[in-house]
Structure formats: C-alpha cells, structure tokens
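What follows is the residue order along each chain.
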Amino acid sequence: MDAEIINDQAARRRTFAIISHPDAGKTTLTEKFLLYSGVVAQAGSVKARSGGKSARSDWMTMEQDRGISIASTVLQFDYRDHVVNLLDTPGHRDFSEDTYRVLAAVDAAVMVLDAAKGIEAQTLKLFEVCKARNMPILTFVNKWDRPGREPLELMDQIEDLIGLQTTPITWPVGPGGDFRGVIDRRSGDFVRFTRTSRGATEAPEEIVSAGEAASDEGDAWEHAHEEVMLLDEIGATHDPKTFLAGETSPLFVGSALTNFGVRHLLDSIIDLAPQPAARETIDGAYRPIEEPFSAFVFKVQANMDPSHRDRVAFMRINSGHFERGMQVTHERLQKAFSTKFATTVFGADRDTVEEGFPGDVIGLVNASDLRIGDTLYAGDRVAFPPIPRFEPELFWSARALDVSKTKQFRKGLDQLDEEGVVQVLRDLDAPTASPVLGAVGQMQFEVFAHRLEHEFGAKVELSPTSWAVARRTDAETAEKVRQLRGTRVLGSLDGTMFALFDSTGRLARTLADNPDWLLERVVETAG
Ligand code: G4P
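Definitions and limits used
Residues numbered from 1 in each chain as written. Predicted model: local features only at pLDDT ≥ 70, side-chain atom pairs only at ≥ 80, totals over all residues. Heavy atoms only, no water. Axes fitted to C-alpha atoms, helices over the stretch in contact; angles between N-to-C directions. Helix = DSSP H or I, 4+ residues; strand = E, 2+ residues; numbered from the N terminus. Parallel < 35°, antiparallel > 145°, perpendicular 65-115°, else oblique. Contact = heavy atoms within 4.5 Å. Nonpolar A, V, L, I, M, F, W, Y, C, P; charged D, E, K, R; others polar. Buried < 20%, exposed > 50% of the residue type's maximum accessible area, 1.4 Å probe, protein only. Polar contact = N/O pair within 3.5 Å; in protein donor to acceptor, adjacent residues only side chain to side chain. Pairing = 2+ DSSP bridges. Phe/Tyr/Trp six-rings, centres within 6.5 Å; stacked < 30°, edge-to-face > 60°. Near = heavy atom within 4 Å. Areas by Shrake-Rupley, 256 points an atom, 1.4 Å probe, with all protein chains shown as cover.

(A) Local environment of the packing of helix α8 (residues 210-217) against helix α9 (residues 219-233). At a minimum axis separation of 6 Å, α8 and α9 run at an interaxial angle of 130°. Put simply, α8 runs oblique to α9. Contacts between α8 and α9 involve A210, A213, A214 and E217 from the former and D219, A220 and W221 from the latter. Each residue belonging to the contact of α8 with α9 can be placed in one class, and the counts come to five nonpolar, no polar and two charged.

Okay, here's the thing in structure tokens:
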C-alpha cells in the first residue's frame, strides 16, 4: 500500500492505556470516552453490555468478584476524525507485569487518580512501571465533584513518589464537592460545566472570560486564579518535549461521573499524545511505519470465553498495512503464518477485523504458536525486542492434587506460563525437576490455581518455597552464583536467567563482595 496512505492513517491514530487504582474511575472514564466519541448515545451501556453473565468465563467471574480487571481488553473508537485505541490494564499491583506488557503496546498512558486519595501505596508500583518506560503520561485527577485533596498537594505527591512533574492544563474552579468548572490555562478562560441527569449525556460547557468569571464566581475564581499564577511562577507549564520524554505530565482535573473535564482530556489525547512512530528493532535500528507490515505480540490469553475455549494472541501493528488473511512470517519460528482469524476483542465480544494500520491492536484467534514478544512481519526479516520478564518476588511450588490429572496439570502449567499468569522457573540443567513458580504478587498464584482447576480440570496444591529474592543474571555470573550456598539459578520460558537467594541478606552480601557480577532488577521500583 501507498506509503502516503499508511502515514495518513498512522497520523490519525492514538494508542494508549489507562492506568489506575481500582475504584479510581477507569471504567467510568472509559465509558465517558465512548459517550463523547458517539459510540454510545447514553452512558450506562458499557456496564450493561459486559453484564451478560453467561458470556463470562470463569476468570471473569473472579474478576467480577474482586472488582478488578485481570484481562486487558482493547477498545477502538473514532473521535474527531481520529482512531483511538484504548487498551485496558489490570488495576492491581500484583499484575504489574501485565501492565508493563500492555505499556509496550501503547504510545501514551493516562494515569487516573482519585482526588481524595492521590497515589495509593498499593498501586504505586503500577505507576512506577509506567514511569520506567519513559512514556508520555497524561494525568487525570478524577472525582472532583466530591471533597478531595488540594490539587497542589496532589502535584507534590506525584512528584515525590514517582518523580513525575505535573503541568496542569486545566485547574479547578470551586473546591472539591463544589466543582463549577476549570480554568483552561492555554486560554485563561473559565470553562463552566453544567451537570446532566446521572451524567448520562455530555456535560454542557460554557466559555466565560476571566473578567466575567471573576464577578460570577467570586472567591472560588479568585482562589483558582491565584493558584494558576503560582503554577506559572514555578514553571509547571506543559512542555511537549519533556512530556514526550516521560518527564512531565499534563494534568487535568475532572469528574468522570458528571462528565466534567472529560472532553478536555479526550481532546488532549488527540492533540498532545504522540501518533505511532518508528519502532526500535532488536538490532537497534528503527522500523519506519510505512515499511511493510510488522507487529509484535504483547499479550496471549486463552479461554477468555467458555463458549469458545480458544487462545487469542494480541498484536500491536508497528508498520505497514494489515489485511486479514495475508500471509506473514512468524519471526521466531521462521514459518509462514496465516492471519485468517483476525478479530477485535471487546470483553467477550468479537468481530472480524479486515484491516489495520500502525498503532492498531488485533487479536489472532487460535494462534497457538504465538508467544508474548513474538514478531510477525511481511517482507524482509525484522524482530522487535522481547518484553522482559520481571524478577519474581514470590516463589511457590505447585503439584497436582490428583495424580491422575498430571497431564492436564502440565498442559495448564505450560499454557499459563506462556500467558505470563505466573513464571515457571526451571533448572536449565535438570528440566524434569519440579519447577518453581514465580510471581510479583500473590493474586497471580490465585489466578493460576483457579484457572488450572476450572479450565484444565487439575486442582493444585501450592506451597511456599524457601526462596526469598531473585535477580536477573547472565551465564557468566550464573556460573559463579552456582558455587554459593543458599542460591539457585533458574530459567524462564524466554531464556531469562534468574539467580534465586534464600535471603535478602545473602543477596546483599553477594552484591557487596562481587560488584562486577550481573545481578539486576528488571525494572527499578520501590516494591
Ligand atoms: P474503576 O474502573 O477504576 O475500578 O472504577 P469505576 O469506574 O468502576 O468507579 C468506581 C466507583 O467510583 C463507582 O462507584 C463510580 O460510580 C465512582 N466514580 C467514578 N468516577 C467518579 C467521579 O468522578 N465522581 C464520583 N463521585 N464518583 C465516581 P460505585 O458506587 O462503586 O459504582 P456504581 O454503583 O456507581 O456503578
């Protein structure tokens, strides 16, 4: 296809993820994006749509019980002549590795915070992971219709905890609970919002000049205006360069429930967030978007829907034009790969997808050969860098409770390892020895056990092991670590080697005694 068409299509696309603590308002905001883009005529229909219980698989029931989303879904909608791809992420630190994988597939992220809570300890890791990727982040302070913390205080907290300087684009007029509108710092105008019944339709906005706002809104305006002057003084002003480098984050204040500020945010995703651009390949070159088709797999999910019981690999297109049915090459296996079963997936609903452009995400159904990190391409060979596995923080062992179910147990173990539900760490020199299961959070083990039982029919017994901490290592250091007491070197599916230690003290001593050994964390976070 013509390079010009591909460039035009890529320029229209914005691919991003929302990251937030459970209950901060991600679902509500997503729904309001659909309202503002005209996909739904009235808010309220998304929840209704996903409420069909029969269409939900077992793990979805579990998600529902816990009120968290484990499985990411992808949503595509048009807004202002642009195509928006919104990728969902699990809102829980235990699944921060999944979040990290989704972030590999997007060009920007929206961080949603509850105004009353700010960054919460349990989700800190998710935001750190986001920051670690140096990706552009837009910040949405939600629930301003209720009493919350001072926005200046929230800005300080974000900077202190994750080192991200926020640069407010809008600033609230009226304290939390008496939210009247925002100052749009780009124009200096007051944007007055009006509530609609249950926030079911767009909130009307009225642009009011500063002078008029001062007489209409009195103290509330005065207070907001002073704070905005302070923001100007401290230089907390949007800067495209530092934003694109992931150093500063434009901040918006709003209320997803009443729709206040939703349009500002959505417009800014179009206006400020980057379009899909050339992607770095494994050899350090960049693959321009107008090159022939290429994509990489960032997520694999089996048994999403009990009525299908199949396996979907999600790929993000990095270059070229994708047409359903086109023959492409599976890079790792160097095999032809058919794309006949390309779909879009929204929760349990699927539609066939006919074509895609850079930035789009496509689900390939029954792609049993595809693993996370795999590249598909047309034309000359290309590979994108693997998505690194986190070093596990918890180490458990698992065995099938019923020995007659060993086969199912093994099958489930392999499948769930490939999906990254847990990491199955094996002794590379003794592949038949019992593996150690690694995870970042306890809930990963719960999902693992639940799915093994319900999808593979193998009930498992999980028990903790004596391993305490792991670091990524290489063959050279691994050789030396093996000589130490209280250590073990294990490998994950993608060949990453981890050195396990029976105590953090032993790791600390090993590091102090051998500063030249490679024992590293995959992503630096506070924990
Ligand atoms: P999540 O996906 O991030 O977990 O959050 P979700 O959108 O489900 O929102 C969590 C709760 O917060 C919901 O209330 C929702 O209505 C409420 N909420 C979301 N945005 C706002 C906001 O801007 N202002 C206020 N005041 N509340 C907001 P719920 O009672 O748990 O559910 P529901 O019965 O309202 O659906």
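(B) Looking closely at the side chain of Q423. Topologically, Q423 is positioned in strand β25 (residues 423-425). The class of Q423 is buried, set by a relative accessible area of 2%. Of note is the side chain of Q423, whose polar atom sits 2.7 Å from the backbone oxygen of F390. Beyond its immediate stretch of four places on either side in the chain, Q423 contacts E97, R389, F390, P392, D417, V436, L437, G438, S492 and F498.

(C) Quick look at the sheet that holds strand β29 (residues 487-491). Strand order across the open sheet formed by three strands is β28-β30-β29, with antiparallel pairing between neighbours. Two strands close off the open sheet at either side, each with one partner strand: β28 (469-473) and β29. Ignoring which end each strand starts from, the neighbouring axes of this sheet average 30° apart.

(D) Seen up close, the packing of aromatic side chains. In total, this model carries 10 aromatic pairs according to the counting rule given. With 5.9 Å between their ring centres and 70° between their planes, F190 and W221 make a pair best called edge-to-face. Taken together, the positions of F190 in strand β9 (residues 189-193) and W221 in helix α9 put the pair 31 residues apart, joining distant regions of the chain. Across the pair, W221 and F190 agree in class, each one buried. With a centroid separation of 6.5 Å and an interplanar angle of 45°, the aromatic rings of F298 and F314 are classed as tilted. On the criterion of sequence distance, the pair formed by F298 in strand β14 (residues 294-302) and F314 in strand β15 (residues 311-319) is long-range, its members being 16 residues apart. Here the two residues F298 and F314 agree in accessibility, since each one is buried. In textbook terms, an aromatic cluster arises when at least three aromatic residues are bridged by ring pairs, as seen for F179, F193 and F260.

(E) Representation of the site of the ligand. If you check the shell around the ligand, you find 17 residues, and the closest are D23, K26, T27, T28 and D145. A distance of 3.0 Å separates an oxygen atom of the ligand from a polar atom in the side chain of N142. A distance of 3.1 Å separates an oxygen atom of the ligand from a polar backbone atom of L257. Across the complex, the protein chains shield 67% of the 700 Å² of accessible surface that the ligand would expose by itself.

(F) Examining the environment of F456 more closely. Structurally, F456 is set in helix α13 (residues 442-456). What F456 contacts, discounting residues up to four positions off in sequence, is N303, Q408, K411, G412, Q415, L416 and R451.

(G) Looking closely at the sheet that holds strand β26 (residues 436-439). Reading across from one edge, β25-β26-β24-β27 is the order of the four strands in this open sheet, with antiparallel pairing throughout. Sheet topology places β25 and β27 (460-464) at the edges, where each strand pairs with a single neighbour. Along the sheet, successive strands turn relative to each other by an average axial angle of 40°, direction set aside. Examined bridge by bridge, strand β24 (residues 394-400) and β27 share five bridges and lie antiparallel to one another. Bridge pairing in β27 links S397 to S463.

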